[in-house]
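Inside the fold
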Amino acid sequence: MVMPIILQKDRKIISAVKCLDPPFELPQELNITSLVSTKKISNLSKFPQFSLNPAPDTSRDLKEWGIFLNFLHKYDKVAIINFQKYKFFILPPSIASESSPVNVAYEIDNTCSVDTHPRDYESAETCNEFQSRLPVKNFIRVDPSYLKTLGQVHSGWIFGGIAELVDNSRDAKATKMDIFVDLINLKKSGKDVPMLSVIDDGNGMNHAEVMKMVSFGHKQSDKDDKDHIGKFGVGFKTGAMRLGRDVLVLTQTTNSRSLAFLSQSLNEGKDNIEIPIVSYCRHGQRMEVDLSMQSEALAKYNLKAIKEFSPFNKYLIGEKAALFGGGTGTQIYIWNLDEWGSKYCLEWHDGLKGGSSFHQGDILISSKRIRSRPGQISQKVPLDYSLRAYLEVIFLVPRMKISVQGTLVKSRPLGNFLTQIVIETDNILGRPVELILGFSQLEWEQANCGMFLYWHGRLIEAYKRVGGMIHNADVGRGVIGVVNVTNLMDEQDGRVWVHNNKQGFQDSQPYACLEQWLGRKADKYWDDNFDSLTLDKQNCVFKPDHEWVQCDKCRKWRILPSDFDSRKLPVQWFCYMDPFKGQCADAEQKMEPGIVNVSTKRSGYDCLLKDSDNEKMEVVTTSATGSDEKLLNTEDVKFPALKRLKRGLKTMISTRHNHFF
């Protein structure tokens, strides 16, 4: 909200000014009644404050504003304004110029006059009684130290801060996103320092949306959007301030461009948080200051502050803006990164050129510490310290292309990468829940297991151990569960049972019931499928029951035929290519509950015993489309004694020697 005001002295106009987001409705004219020394007024710093920004209509107003500020600054004076029950104090600026804003402190005047003549309908009131009936409002100021406090929301896991920025990009309907760290030169120190960049091609933000983003919380929308993650209005602030001390946001919509600067360096030593924002109207590639949002003088002042306290000058800003390429999106740059001893909390590595799959770029947590989980003994949990591994599974249905340090992250929707899949459906507290349970050979080798809990399609908890998994490290080994708990954790009144850092759930009845239900289902799955588990000495790596590939254009997932070698897929794959040979318009494929598509080669690697007996096996099973087909006819195969089929599957297996796997 922008409120235009005419500032006067003895009813003579000084200049037109504007107040951004006033604490209450101000009059159209403010008249200065007196000027006193700051030494004669005590405790001014304890009063709530707002700011007035110059908005001169003429060159005369601009000149008068400069003279007025210079007088306050030179003689250390405070201009006093009385308005109804309020008293305003225009404070002397630290820097006096024709474009400088001023801070205004205010208090409620406790003196009042009371009519002592009783009326026929009421008795006389005391001054205090009358005062208590006035609509008095209290407003607070925010000390800059609060910015550091915000970052402590993600103190336990720094990737939670990056996840907040990824969430915002997804909510903005971005199709691609780049996350990388490179070096940038700081003008003040002359040193090259690392800067974290997060760039997307989403819808961008206009001035009002940028103001909402940098504000400390906002009203939740009444719209129930299952695909929207942002709920609390604090994600950007908590995430950015965990990652570093200073952050610049450059965002562009179809008709606007805005710069916002959230900085601990800029606000150091101040009494209130200042967040410079500059907004422009966009006409093609031409930009003009949006005078409906701020005056030209205020825009110049804010832009000057950004250039002074950041490594960005007008040339670098122009260079970054060119990355939009005429489209829309948001760019976030964070520097003065959080430190780990003499190093940084994050360390980064560029991938090898040529798209090698053996050495891809990554951003790691320097401590490489494994997060604590009840019952866990494994020390191999890559997603706890590898950003690439975390982003592979962060979304239940991945659509957005994400690159880390210049190399594409291969999304891995967990439900599609398991064997021996069982789908359990039930109602908890009258709300439907669906759980996908399966076995992962990789997780078995790393001694991992547990549930992956998604909320609004975003991973909240990973490797959550339930049931017997909590008490015995070998129980459930290699078993992974995937469940979307949005329906269960969102109440009808808008309340959600998710922590505002989106890294856990509140202790609530729905969550307690969910834990019990997951425990029962996981224990039953283990008893039915893995009561006796033996593997051959070479630990064969089994292919999943269904192998999937994602189109790099439409981002839909397609099921690969069981006899297709996924290693033959190109780096970029599209729907028209082998083996799908379809169109992007084709509907995304889904597996029916309880159906297992047994692959041609249960092992995707040459790890079977060389001295196996000569045997042949034929497998006939119901495929995803419902047709029967012969899938397997191999020789020289010896299978490990592993129960691979769950009870109740409509699968017929016939072998010469009745071998099952």
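My aim in this report is to walk through the structure given alongside it, one point at a time. (Residues numbered from 1 in each chain as written. Predicted model: local features only at pLDDT ≥ 70, side-chain atom pairs only at ≥ 80, totals over all residues. Heavy atoms only, no water.)

**A short note on the environment of Thr33**
With respect to the helices, strands and loops of the structure, Thr33 is situated in the loop between strand S3 (29–32) and strand S4 (34–37). For Thr33, a relative accessible area of 41% corresponds to the partly exposed category. Along the backbone, Thr33 and Ile81 are 48 residues apart, and their C-alpha atoms lie at a distance of 5.7 Å. Setting aside chain neighbours within four positions, we find Thr33 in contact with Ile80, Ile81 and Asn82. (Helix = DSSP H or I, 4+ residues; strand = E, 2+ residues; numbered from the N terminus. Buried < 20%, exposed > 50% of the residue type's maximum accessible area, 1.4 Å probe, protein only. Contact = heavy atoms within 4.5 Å.)

**Things to note about the packing of helix H4 (residues 159–171) against helix H6 (residues 235–243)**
For the pair H4 and H6, interaxial distance at closest approach is 7 Å and the crossing angle is 140°. On the basis of their axis angle, the class for H4 and H6 is oblique. H4 and H6 meet at a crossing whose hand is left-handed. In this structure, H4 contributes Gly161, Ile162, Glu164, Leu165 and Asn168 to the contact, and H6 contributes Gly235, Phe236, Thr238, Gly239 and Leu243. By residue class, the composition of the contact of H4 with H6 is 4 nonpolar, 5 polar and 1 charged. (Axes fitted to C-alpha atoms, helices over the stretch in contact; angles between N-to-C directions. Parallel < 35°, antiparallel > 145°, perpendicular 65-115°, else oblique. Left-handed = near helix turned anticlockwise from the far one by under 90°. Nonpolar A, V, L, I, M, F, W, Y, C, P; charged D, E, K, R; others polar.)

**Some words on the sheet that holds strand S6 (residues 77–83)**
Overall, mixed pairing links the 8 strands, which are arranged S3-S1-S2-S5-S8-S7-S6-S4 in an open sheet. Only two strands of the sheet have a single neighbouring strand rather than two, namely S3 and S4. With direction set aside, neighbouring strand axes in the sheet form an average angle of 35°. Bridging between S6 and strand S7 (residues 86–90) involves 5 bridges; their strand directions are antiparallel. If you follow Ile81 over to S7, its bridge partner there is Phe88. (Pairing = 2+ DSSP bridges.)

**Focus on the environment of Gln503**
On the secondary structure map, Gln503 appears in the loop between helix H12 (486–489) and helix H13 (509–529). We classify Gln503 as buried; its relative accessible area is 16%. Taking the C-alpha atoms as reference points, Gln503 and Ala163, 340 residues apart in sequence, are found 9.7 Å from one another. Aside from chain neighbours lying at most four places away, what touches Gln503 is Trp157, Gly160, Arg371, Tyr390, Arg458, Ile460 and Glu461.

**Quick word on the environment of Leu250**
Assignment of secondary structure puts Leu250 in strand S11 (residues 244–252). Given the relative accessible area of 2%, Leu250 is considered buried. Each C-alpha atom of the pair Leu250 and Val210 lies 9.8 Å from the other, and the pair is 40 residues apart in sequence. Setting aside chain neighbours within four positions, we find Leu250 in contact with Arg257, Ser258, Leu259, Ile317, Lys320, Ala321, Phe324, Gly329, Thr330 and Gln331.

**Re a nonpolar patch on the surface**
A cluster of nonpolar residues, Leu35, Phe71 and Tyr75, forms a patch on the protein surface that exposes about 260 Å² of accessible area. Considering the arrangement of structural elements, one finds Leu35 in strand S4. Looking at Leu35, the relative accessible area reads 31%, which means it is partly exposed. (Patch = residues over 30% accessible without salt bridge, like charges linked within 9 Å, V, L, I, M, F, W, Y side chains within 5 Å. Areas by Shrake-Rupley, 256 points an atom, 1.4 Å probe, with all protein chains shown as cover. Salt bridge = Lys/Arg side-chain N within 4 Å of Asp/Glu carboxyl O.)

**Thoughts on the sheet that holds strand S13 (residues 277–283)**
Read across the open sheet, the 9 strands follow the order S14-S13-S12-S11-S15-S10-S9-S20-S21; overall the sheet is mixed. A single partner strand is all that each edge strand has here, and the edge strands are strand S14 (286–289) and strand S21 (407–408). In terms of strand pairing, strand S9 (residues 176–185) meets strand S10 (residues 192–200) through 9 bridges, oriented antiparallel. Paired with Leu183 across the strands is Pro194, a residue of S10. Along the sheet, H4 makes contact with S9, S10, strand S15 (329–337) and strand S20 (401–404), crossing S9 at roughly 130°. Most of the contacts of helix H8 (residues 296–309) go to S13, to which it runs at about 115°, and overall it touches S11, strand S12 (256–263), S13, S14 and S15.

**Considerations on the packing of aromatic side chains**
Counting across every chain of the model gives 18 aromatic pairs. Between the aromatic rings of Phe574 and Tyr576, the centroid separation amounts to 5.9 Å while the plane-to-plane angle is 0°, which identifies the pairing as stacked. Residue Phe574 is classed as partly exposed on the basis of its relative accessible area of 21%. Here a set of aromatic residues connected by ring pairs shows up, and it is made of Phe50, Tyr86, Phe88 and Tyr106. The ring of Trp157 carries the charged tip of Arg371 above its face, separated from the ring centre by 4.2 Å. The ring of Trp444 carries the charged tip of Arg477 above its face, separated from the ring centre by 4.1 Å. (Phe/Tyr/Trp six-rings, centres within 6.5 Å; stacked < 30°, edge-to-face > 60°. Lys NZ or Arg CZ within 6 Å of the ring centre and 35° of its normal.)

**Thoughts on unusual backbone geometry**
In this structure, Pro579 follows Asp578 across a cis peptide bond, with omega equal to 0°. Not every positive phi belongs to a glycine, and Leu429 is a case in point at roughly 55°. Residue placement: Leu429 occurs in the loop between strand S22 (419–428) and strand S23 (431–439). Notably, Arg555 is not glycine yet its phi reads approximately 65°, a positive angle.

**Regarding the state of the cysteines**
A full pass over the atoms with the stated rule returns 0 disulfides. Just so you know, Cys554 is unpaired, no disulfide at all, and the nearest cysteine sulfur is the one on Cys551, 3.7 Å from it. (Disulfide = S-S within 2.5 Å.)

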